[in-house]
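# Fold and geometry: a report
One letter stands for each residue in the lines below.
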Protein chains: 2
Amino acid sequence: MATIKDVSRLAGVSVATVSRVLNQNGYVHEDTEKKVLNAIRELNYIPNDVARSLTKKSAKMLALIVPDITNPFFNELARAVEKVTQLYGYATILCNSDDTPANEKQYIHALKQKYIDGFILATNTLSPEEIQQLDVPVVMLDRTISSTIPTVASDNREGARMAVQFLLNQGCRTIAHIRGPLELSIADERCQGYLDEVGQADWFQPDLIVNGDFNLHHAADAIHELLDRHPDIDGIFAGNDIMAMGALRAVQKRGVAVPDAMQIVGYDGITLGGMVYPELTTVAQPIYEMGLLAARMLIKLIEKKPLDVMHYKLDVELVQRGTTRGSANQP
Amino acid sequence: MATIKDVSRLAGVSVATVSRVLNQNGYVHEDTEKKVLNAIRELNYIPNDVARSLTKKSAKMLALIVPDITNPFFNELARAVEKVTQLYGYATILCNSDDTPANEKQYIHALKQKYIDGFILATNTLSPEEIQQLDVPVVMLDRTISSTIPTVASDNREGARMAVQFLLNQGCRTIAHIRGPLELSIADERCQGYLDEVGQADWFQPDLIVNGDFNLHHAADAIHELLDRHPDIDGIFAGNDIMAMGALRAVQKRGVAVPDAMQIVGYDGITLGGMVYPELTTVAQPIYEMGLLAARMLIKLIEKKPLDVMHYKLDVELVQRGTTRGSANQP
DNA sequence: CTGTTAGCGCGTTCAG
DNA sequence: CTGAACGCGCTAACAG
């Protein structure tokens, strides 16, 4: 591996000059620039990132920490983030915290040792105070925890309302909700949206809401119990697509026809929803756009540019497919 | 952030001594060691990874490059790899190449700038020569491309045989195979295993084999065409679970009952296979074990320790579930 | 416009 | 056993 010294020697200039053409700062004569460029090409020189990081105290690198890399939602997010960061000359590293605080902290500390420039957190394990203490730029994605930390999320409550309204319009008489983890704000908001629509209905009962922990198998189990208690349920709004798939699986196992006897709507709009049969009707978040926005915000933060918006709340869209009636995609 | 200098000052010793207790090499008096340790604790000192990497020309870091991070197979692999590397004091970074050579090369070069110590490649885009030229330790995972590069894979041919044999035992009369990409050795081997079992059967025809590119939607499309041509097919062996899910989806869409009128077996044993209904019968690879082995091999390679085995070929196991008959998990 | 020089934080001889 | 000094490869003043 050639070093900047080799280049300077071959070009007959000082290392400072080479550094200048490399970073395009300071004045440098056209002719000497050419000489340097030639030397660089000839030696196939590539600057050493580690040395550079050491002096700049920055690795041009940021991390996206997600709770579950298996969840396609986060993969789609990761793509978007990577796209932006690449554009701005940053590297992205993807970390799976498994929703465990210890893992998350481990990653964060390990990466801080490497002069990481910032984090996008799609996780929920750190308190606002802990994040503040990190002393590194942070953007929260799909989780709101503090007004002082920049955030990108979708309009969860409105999205939930849309879903439930749609189920009512499709003729559902008794709609259950399978919600996400209790501590999670997005799960609360989606539950609120459900309550907005049906909380006052004469058939409504609090135990139509069950917890599925954003987990497929928990959701499936919860649905089985729920249907044992309330055989009259003919609509399910799930707090995310994974749970909707769990519900679908449970319902199918009981031999109940979807969407004829039971309609299901999820939330997220992950591609996996199109992989099951019938395809999942869902409230689609603009996942890619959320990733783009979060990455741009973080980079602005890192480069100390002003943020025009601190908290994004993006619009969602109802995607009608096979688990509800009246769609072209229906069985 | 405290530096080694701060520590040395507080402890009243030289930086060299601090370095010695940090790395536990060289002689150092018990008492001075205590002083140093105390200073370290007091200052909450953590050595700077970047500076360390610069002198050691190693970042204690390795990368796992996978073609599709959305595929749960690779996630399970990633967990295993991370587990081992952590144990040995290495950091792991997970990269998604999207099966594009350009992406893969981009990652590799970016990481080489950061003094990465080695790669585990679960991809297929680089030629053996290109890998050799990288001048960095590499282990191939689930792909064999050259006898000189260490490899971890499962016994694909035998696994495929098991799957097809099982379908025959379950009473299938006409078994199709939906295979993976043509250039992929593992796809070839699984196809061979299929041919081993049924290539001589009187009902066999070459066009019972179709290409699904390890992709769910391609697989679904291919199955539709196939069933139009051969309505008599009553068994499908898919080259991986994702394609098996595509096949399942296609079959269900046609209103064919699984497993009564059609039985399906996949390959891989990803958890996703348990998330659809009916649950996928599959040939399970020891995914976790494969990840462990690959990581251990790579670390041995990096630390220039001898490898006792260059090419691992692991046993697989048939997991009977709902897409074949006669299982407890059947509908 | 260009070269010299002093760090960045740490590891490592090589004398003591 | 311990410390002084140099080097890893690069950037950033500061002179010229």
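What counts and how
- Residues numbered from 1 in each chain as written.
- Chains lettered and ligands numbered in written order.
- Predicted model: local features only at pLDDT ≥ 70, side-chain atom pairs only at ≥ 80, totals over all residues.
- Heavy atoms only, no water.
- Near = heavy atom within 4 Å.
- Polar contact = N/O pair within 3.5 Å; in protein donor to acceptor, adjacent residues only side chain to side chain.
- Nonpolar A, V, L, I, M, F, W, Y, C, P; charged D, E, K, R; others polar.
- Phe/Tyr/Trp six-rings, centres within 6.5 Å; stacked < 30°, edge-to-face > 60°.
- Buried < 20%, exposed > 50% of the residue type's maximum accessible area, 1.4 Å probe, protein only.
- Contact = heavy atoms within 4.5 Å.
- Buried area = accessible area lost by both parts, 1.4 Å probe.
- Salt bridge = Lys/Arg side-chain N within 4 Å of Asp/Glu carboxyl O.
- Least-squares fit on C-alpha atoms with pLDDT ≥ 70 in both.
- Domains from an automatic or database assignment.
- UniProt positions renumbered as here; feature names shortened; annotations may be inferred.
- Helix = DSSP H or I, 4+ residues; strand = E, 2+ residues; numbered from the N terminus.
- Pairing = 2+ DSSP bridges.
- Axes fitted to C-alpha atoms, helices over the stretch in contact; angles between N-to-C directions.
- Lys, Arg positive; Asp, Glu negative; His and termini not counted.
- Right-handed = clockwise from strand over helix to strand, strands pointing away.
- pLDDT = per-residue confidence, 0-100.

Inspection of the region around DNA strand D gives 27 residues, with A:Ile4, A:Tyr45, B:Arg20, B:His29 and B:Lys57 positioned closest. Backbone atoms, meaning sugar and phosphate, make up 68% of the atoms of DNA strand D lying within 4 Å of the protein. Here A:Ile4 contributes a backbone N or O atom positioned 2.3 Å from a phosphate oxygen of DNA strand D. Between a phosphate oxygen of DNA strand D and a side-chain N or O atom of B:Thr17, the distance comes to 2.8 Å. A per-class count over the surface near DNA strand D returns 11 nonpolar, 11 polar and 5 charged.

This paragraph deals with the packing of aromatic side chains. Residue and element names in this part refer to chain A. Applying the stated criterion across every chain yields a total of 6 aromatic pairs over all chains. Measuring from ring centre to ring centre gives 5.2 Å for Phe73 and Phe74, while their planes differ by 80 degrees; the resulting arrangement is edge-to-face. The buried category is assigned to Phe73, whose relative accessible area is 1%. For Phe74, a relative accessible area of 5% corresponds to the buried category. Each residue in the set Tyr194, Trp203 and Phe204 is aromatic and connected to the rest through ring pairs, giving one cluster.

Opposite the 38 residues of chain B that make contact, chain A presents 39 residues. For the pair chain B and chain A, the two sides together bury roughly 3800 Å², of which 53% comes from carbon and sulfur. Of all residues in chain B, B:Gln113, B:Met275 and B:Tyr277 give up the largest surface area on contact with chain A, accounting jointly for 18% of the area buried on that side. Counting across the interface, chain B meets chain A through 8 salt bridges. Notably, a salt bridge pairs A:Lys114 with B:Asp49, separated by 3.3 Å at the nearest N-O pair.

A separate point is the relation of the copies chain B and chain A. Both copies of the chain are related by a screw-like operation: a rotation about an axis and a shift along it. You can overlay chain B on chain A at an RMSD of 0.1 Å; the transform is a turn of 180 degrees with a shift of 0.1 Å along its axis. A rotation of that kind, with that shift, is consistent with a two-fold axis. With an isologous cut-off of 70% or more, the 100% of interface residues of chain B that recur at the interface of chain A puts this contact in the isologous class.

Attention now goes to the domain arrangement of chain A. The accessible area lost on association of the parts is a frequent measure of interface size. Looking at chain A, the domain boundaries give domain 1 (4-47), domain 2 (59-154 + 287-316) and domain 3 (156-285). Domain 1 of chain A and domain 3 of chain A are separated by 62 Å when their C-alpha centres are compared.

Time to look at the UniProt feature "domain: HTH lacI-type" (unreviewed entry) in chain A. According to UniProt, the feature "domain: HTH lacI-type" (unreviewed entry) maps to residues 2-56 of chain A in the numbering used here. Along residues 2-56 of chain A, the helical share is 71% and the strand share 0%, with 21 Å between the first and last C-alpha atoms.

What follows deals with the protein's contact with DNA strand C. Residues in contact with DNA strand C amount to 28 residues; listed here are only the nearest, A:Arg20, A:His29, A:Lys57, B:Ile4 and B:Tyr45. Take the atoms of DNA strand C that sit within 4 Å of the protein: sugar and phosphate atoms are 65% of them. Between DNA strand C and the protein, one listed contact pairs a phosphate oxygen with a backbone N or O atom of A:His29 at 2.6 Å. Looking at the surface near DNA strand C, the elements with two or more residues in it are α2 (15-23) and α4 (49-56) of chain A together with α2 (15-23) and α4 (49-56) of chain B. For the surface near DNA strand C, the class distribution of residues is 11 nonpolar, 12 polar and 5 charged.

Residues and elements named next belong to chain B. In space, the 6 strands of this open sheet follow the order β7-β6-β8-β9-β10-β12, with mixed pairing throughout. In the strand order of this sheet, the two ends are held by β7 (209-211) and β12 (317-319), each with one partner. Ignoring which end each strand starts from, the neighbouring axes of this sheet average 20 degrees apart. Direction of pairing for strand β6 (residues 175-179) relative to β7: parallel, over a ladder of 3 bridges. Bridge pairing in β7 places Arg179 opposite Asn211.

Residues and elements named next belong to chain A. Mapped onto the elements of the fold, Asp155 is located in the loop between β5 (151-154) and α8 (156-169). The buried charged residue Asp155 lacks any salt bridge, with Lys313 as its nearest oppositely charged partner at 4.2 Å. Setting aside residues up to four positions removed in sequence, Asp155 forms contacts with Tyr267, Lys313, Leu314 and Val316.

This brings us to the pairing of strand β4 (residues 138-141) of chain A. Residue and element names in this part refer to chain A. On β4, burial covers both faces: Val138 and Met140 on one face and Val139 and Leu141 on the other are all buried. Where strand β3 (residues 118-121) and β4 come together, 3 bridges link them in parallel fashion. Bridge assignment links Ile120 to a residue of β4, and that residue is Val139. On the question of chirality, the crossover connecting β3 to the parallel β4 by way of helix α7 (residues 128-134) is right-handed. Examined bridge by bridge, β4 and β5 share 2 bridges and lie parallel to one another. Opposite Leu141, over in β5, you have Val152 as the bridge partner.

Before going further, it helps to spend a moment on the confidence of the model for chain A. Put simply, chain A has an average pLDDT of 92, and 98% of its residues get 70 or more. Looking over chain A, one finds the lowest element-wise mean pLDDT in α7(A), namely 88, and the highest in strand β8 (residues 235-238) of chain A, namely 98.

With that settled, consider the sheet that holds strand β7 (residues 209-211) of chain A. Residue and element names in this part refer to chain A. On the basis of which strands lie adjacent, the open sheet formed by 6 strands has the order β7-β6-β8-β9-β10-β12 and mixed pairing. Strand pairing shows two members of the sheet lacking a second neighbour, β7 and β12 (317-319), which therefore form its edges. Neighbour-to-neighbour, the strand axes of this sheet turn through a mean angle of 20 degrees, independent of strand direction. Bridging between β8 and strand β9 (residues 263-268) involves 3 bridges; their strand directions are parallel. By the bridge assignment for β9, Phe237 is matched with Val265.

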